[in-house]
Protein chains: 2
Amino acid sequence: MAKNTGVSLAVIRRLPRYYRFLEDLRKEGIEYISSRKFAELIGVTASQVRQDLNCFGGFGQQGRGYDVANLCKEIETILGIRRQTPAVLVGAGNLGAAIANHMDFSQRGFSLLGIFDTDARKIGQTIGKQTILDMQTLGEFCQKHHPQMAILCIPQEGAEKIVPSLIEWGIEGFWNFSHFNLAVSYENVIVENVHLGDSLLTLSYLIQERDQQKT
Amino acid sequence: MAKNTGVSLAVIRRLPRYYRFLEDLRKEGIEYISSRKFAELIGVTASQVRQDLNCFGGFGQQGRGYDVANLCKEIETILGIRRQTPAVLVGAGNLGAAIANHMDFSQRGFSLLGIFDTDARKIGQTIGKQTILDMQTLGEFCQKHHPQMAILCIPQEGAEKIVPSLIEWGIEGFWNFSHFNLAVSYENVIVENVHLGDSLLTLSYLIQERDQQKT
């Protein structure tokens with residue numbers, strides 16, 4: 001049984017990565033892996049792997065290493081993957097459509113219930129198996145289906161306007177692709193920001209640094 | 001003048017966030033901001049802001065705070081934004097097309113020179129102002145235009161196949177949306193991974209944790 005109270009967010013953030021590699025190992029039919037080999041595979045130290053997994057009660061067996069399938073299952077429980085938290089996607093533009101098409105929500109803990117947009121040309125069109133719904137019906141939809149999470153694929157101004165309503169309608173967590181700094185305005189909601197531009201700027205820095213080292 | 005040798009990556013990773021907020025302040029016409037107010041705005045501590053910016057030589061003026069426009073310019077230099085590092089995008093599927101459409105590369109340090117795909121139905125189509133080019137011509141393109149960075153919007157298997165060629169063709173940095181664990185196989189390349197699924201799993205954990213606290 002996983003004990004996961006008081007685990008630091010830094011550890012939690014490494015678990016999805018462990019999970020990705022473990023899933024691959026499981027698919028390849030590998031039953032056991034040592035912490036040393038596993039650490040090598042993902043590019044961290046063995047002591048880091050052992051420390052992180054110890055936070056949840058270990059799972060390693062002396063001499064055999066980690067039981068891959070079992071560890072997968074334990075991490076699934078820790079991360080809440082099988083909960084299938086109900087979610088809605090707000091904004092069916094380029095990014096929203098790509099997210100809806102590209103992400104395997106059910107493998108990542110969520111069930112995508114609906115996609116919403118304000119654009120009359122988009123409403124009624126389909127993305128995958130989902131029909132894009134009118135944003136005006138989102139309040140009603142939330143009352144009926146009780147989504148807990150909203151994916152914000154809209155610009156900052158749109159996000160600022162819709163977030164108070166979403167919270168009122170029962171949304172507790174946001175996967176935020178907008179630049180609206182939700183966490184500062186609403187202390188009690190759970191926010192996971194995705195700032196692709198920040199990642200790109202970091203890469204810009206690293207390439208420049210490398211070039212400077214060459215000269 | 002910015003001194004940025006030996007600055008930890010943790011600090012570097014916070015700079016893009018500072019930059020986003022500073023850009024907004026500049027657009028709003030705000031000339032100076034205290035470290036306290038700036039920290040409040042972005043949701044970190046004032047001492048963190050001061051410490052981070054001190055790594056690059058400070059920029060704060062006693063009694064007036066930070067000169068917003070000047071600090072923007074300094075961070076632009078530190079992050080290499082004005083370098084406009086030449087880049088190519090590999091894979092014009094849903095995700096690749098969204099990235100090409102959605103990202104303002106020039107504001108984030110890069111110049112997107114070309115978009116490549118293997119799918120004959122996609123080649124010749126346009127995304128924004130760019131025509132999708134045949135992946136078979138990518139080697140030639142690299143020899144002619146010398147891109148330094150490649151954006152990988154292809155599945156893991158495709159990435160594994162194309163990366164050795166890309167490195168041979170002079171690519172030094174990767175913005176990696178594939179699940180191919182580049183950094184482990186190629187120690188000397190610069191990789192910035194974007195694992196959207198990991199972010200989603202973290203959110204799943206946080207929502208589950210909140211629910212457990214309620215009961």
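All figures in this text were calculated on a predicted structure; none of them were measured in a lab. Sequence order as written defines residue numbering, which begins from 1 separately in each chain. Here the convention is simple: chains get letters from A, ligands get numbers from 1, in the order in which they are written. Thresholds applied to this predicted model are a pLDDT of at least 70 for local features of residues and 80 or more for the giving and counting of side-chain atom pairs; totals over whole chains, interfaces and linings are not thresholded and use all residues. Water and hydrogen atoms were dropped before computing side-chain values, which therefore reflect all heavy atoms in the structure.

**Q** Can you tell me about the relation of the copies chain A and chain B, naming the residues and giving the values?
**A** The copies are overlaid by a least-squares fit using only the C-alpha atoms of residues whose pLDDT is at least 70 in both copies. Overlaying chain A on chain B yields an RMSD of 0.0 Å, the required transformation being a rotation through 180° with an accompanying axial translation of 0.0 Å. Read as a symmetry element, the transformation amounts to a two-fold axis. Using C-alpha coordinates, one finds that chain A approaches the rotation axis most closely at A98 of chain A, a distance of 3.1 Å. Both copies contact each other with a shared surface, as 100% of the interface residues of chain A are interface residues in chain B too. Throughout, a contact is declared for two residues whenever any of their heavy atoms are within 4.5 Å.

**Q** An account of the side chain of R108 of chain B is needed here, citing residue identities and associated values.
**A** Along the chain, R108 of chain B turns up in the loop between α5 (94-102) and β5 (110-117). What R108 of chain B contacts, discounting residues up to four positions off in sequence, is G197, L200, L201 and S204 of chain A together with Y19, R20, E23 and M103 of chain B. Segments assigned H or I by DSSP are reported as helices when at least four residues long, segments assigned E as strands when at least two residues long, and all are numbered from the N terminus.

**Q** So what about the interface of chain A and chain B? Which residues, and what values?
**A** Chain A puts 67 residues into the contact, and the matching count from chain B is 67 residues. Accessible-area loss on putting two parts together, using a 1.4 Å probe and summing over both, is the definition of buried area adopted here. The junction of chain A with chain B conceals about 5900 Å² of combined surface from both sides, 61% of it contributed by carbon and sulfur atoms. On the chain A side of the contact with chain B, L200, L201 and Y205 of chain A bury the most area, a combined 12% of that side's loss. Basic side-chain nitrogens of Lys or Arg form a salt bridge, by our definition, when they fall within 4 Å of a carboxyl oxygen of Asp or Glu. Where chain A meets chain B, there are 6 salt bridges. D211 of chain B is the partner of R83 of chain A in a salt bridge, and the nearest nitrogen-oxygen pair spans 2.4 Å. Distance and chemistry together define a polar contact, namely a pair of N or O atoms within 3.5 Å, with one atom able to donate a hydrogen and the other to accept it when in protein, and with adjacent residues in sequence counting only for side-chain atoms on both sides. Across the contact surface, chain A and chain B share 29 residue pairs in polar contact (both at pLDDT 80 or more). Among the secondary structure elements, those contributing two or more residues to the side of chain A that touches chain B are α1 (9-27), α2 (35-42), α4 (68-79), α5 (94-102), β9 (173-176), β10 (190-193) and α9 (196-214) of chain A. For the side of chain A that touches chain B, the leading source of residues is α9 of chain A, giving 17 residues. Among the residues making up the side of chain A that touches chain B, the classes are represented as 31 nonpolar, 23 polar and 13 charged. Gly is placed with the polar residues, together with every amino acid not listed as nonpolar (Ala, Val, Leu, Ile, Met, Phe, Trp, Tyr, Cys and Pro) or charged (Asp, Glu, Lys and Arg).

**Q** So what's going on with unusual backbone geometry? Which residues, and what values?
**A** Residue and element names in this part refer to chain B. We note that Q84 has phi near 55°; this positive angle belongs to a residue other than glycine. Looking at where Q84 falls in the secondary structure, it is placed in the loop between α4 (68-79) and β4 (85-90). Exposed residues in this analysis have more than 50% of their type's maximum accessible area, buried residues have under 20%, and partly exposed residues fall in between, with area computed by a 1.4 Å probe over protein chains only. Classification of Q84 by relative accessible area gives partly exposed; the value is 28%. Phi at H146 takes a positive value of approximately 50°, unusual for a residue other than glycine. Mapped onto the fold, H146 is located in the loop between α6 (138-145) and β8 (149-152).

**Q** Outline the sheet that holds β9 of chain A, supporting the account with residue identities and numerical values.
**A** Any two strands between which DSSP finds at least two bridges are classified as paired. In spatial order, the strands read β6-β7-β5-β4-β8-β9-β10 (chain A); together these 7 strands make up an open sheet with mixed pairing. In this open sheet, the two edge strands, each paired with only one partner strand, are β6 (126-127) and β10 of chain A. Here strand β4 (residues 85-90) of chain A runs beside strand β5 (residues 110-117) of chain A; their pairing, made up of 6 bridges, is parallel. What sits directly across from P86 of chain A, in β5 of chain A, is S111 of chain A. Strand contacts of helix α7 (residues 156-168) of chain A: β8 (149-152) and β9 of chain A, with the helix running at about 175° to β8 of chain A, the strand carrying the most contacts. Lines fitted to the C-alpha atoms define the axes, with helices restricted to the stretch that makes contact. Angles between their N-to-C directions range from 0 to 180 degrees. Sheet strands in contact with helix α9 (residues 196-214) of chain B are β4, β5, β8, β9 and β10 of chain A, and its direction is about 170° off that of β10 of chain A.

**Q** Tell me about the environment of W175 of chain B, and name the residues and values.
**A** On the secondary structure map, W175 of chain B appears in strand β9 (residues 173-176). C-alpha separation for the pair W175 of chain B and A150 of chain B, spaced 25 residues apart in sequence, amounts to 6.3 Å.

**Q** Can you break down the packing of aromatic side chains residue by residue, with the values?
**A** When two rings of Phe, Tyr or Trp (its six-membered ring) have centres within 6.5 Å they constitute a pair, described as stacked for plane angles under 30 degrees, edge-to-face for angles over 60, and tilted for the intermediate range. Under the criterion given, the structure shown has 6 aromatic pairs over all chains. Ring geometry for Y18 of chain A against F38 of chain A: centres 5.8 Å apart, planes inclined by 70°, an arrangement best described as edge-to-face. Of this pair, Y18 of chain A sits in helix α1 while F38 of chain A sits in helix α2; the two residues are 20 residues apart in sequence, bridging distant segments of the chain. F38 of chain A shares its class with Y18 of chain A; the two are buried. Residues F116 of chain B and F141 of chain B carry aromatic rings whose centres are separated by 5.1 Å and whose planes lie at 75° to one another, so their mutual orientation is edge-to-face. Highlighted residues: F116 of chain B in strand β5 and F141 of chain B in helix α6, separated in sequence by 25 residues.

**Q** I'd like to hear about the confidence of the model for chain A, residue by residue, with values.
**A** Confidence of the prediction at every residue is given by pLDDT, a number between 0 and 100. When pLDDT is averaged across chain A, the result is 90; 94% of the residues are at 70 or more. Interface confidence for the predicted complex, given as ipTM, is 0.91, next to a pTM of 0.88.

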